[in-house]
Amino acid sequence: MTNCNKNERRPKLVQVPEAGLWDTAQVAQYLKVSKSWVWKQCRERLGLPFIELGERNYRFNPEAVKAWLASQSGQHGQVG
């Protein structure tokens, strides 16, 4: 028997790329920034696309990160 509580938060389904999802260290390496910078982007929801698997457990779709970076290229100064 399942619980059909309408107020229950259901996780969003995410299509996982064939190569898999990146972790914080892989994103930091790709963007050439510190892991703490990536953590801050996630905690403060500053625009870097991520998937939250639990408290302090973030994963990243490589294609979404690359698209986000490309969208930042028209802005001046540092990314984020």
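Residues numbered from 1 in each chain as written. Predicted model: local features only at pLDDT ≥ 70, side-chain atom pairs only at ≥ 80, totals over all residues. Heavy atoms only, no water.

**Examining the pattern of salt bridges**
Side chains that differ in charge, positive against negative, can pair when their charged atoms come close.
Then step 1. Evaluation of the coordinates by the stated rule reveals two salt bridges.
Then step 2. Between Arg45 and Glu52 there is a salt bridge, with the nearest N and O atoms lying 3.1 Å from each other.
Then step 3. Arg45 gets classed as exposed once you look at its relative accessible area, which sits at 56%. (Salt bridge = Lys/Arg side-chain N within 4 Å of Asp/Glu carboxyl O. Buried < 20%, exposed > 50% of the residue type's maximum accessible area, 1.4 Å probe, protein only.)

**Some details on the environment of Asp23**
Then step 1. Within the secondary structure, Asp23 sits in the segment before helix H1 (24-31).
Then step 2. Accessibility expressed as a relative area gives 29% for Asp23, which makes it partly exposed.
Then step 3. For the pair Asp23 and Asn57, spaced 34 residues apart in sequence, the C-alpha to C-alpha distance is 8.7 Å.
Then step 4. Look past the residues within four positions of Asp23 in its chain and what remains in contact with it is Tyr58, Arg59 and Phe60.
Then step 5. From its side chain, Asp23 meets the backbone nitrogen of Ala25 in a polar contact 3.2 Å long. (Helix = DSSP H or I, 4+ residues; strand = E, 2+ residues; numbered from the N terminus. Contact = heavy atoms within 4.5 Å. Polar contact = N/O pair within 3.5 Å; in protein donor to acceptor, adjacent residues only side chain to side chain.)

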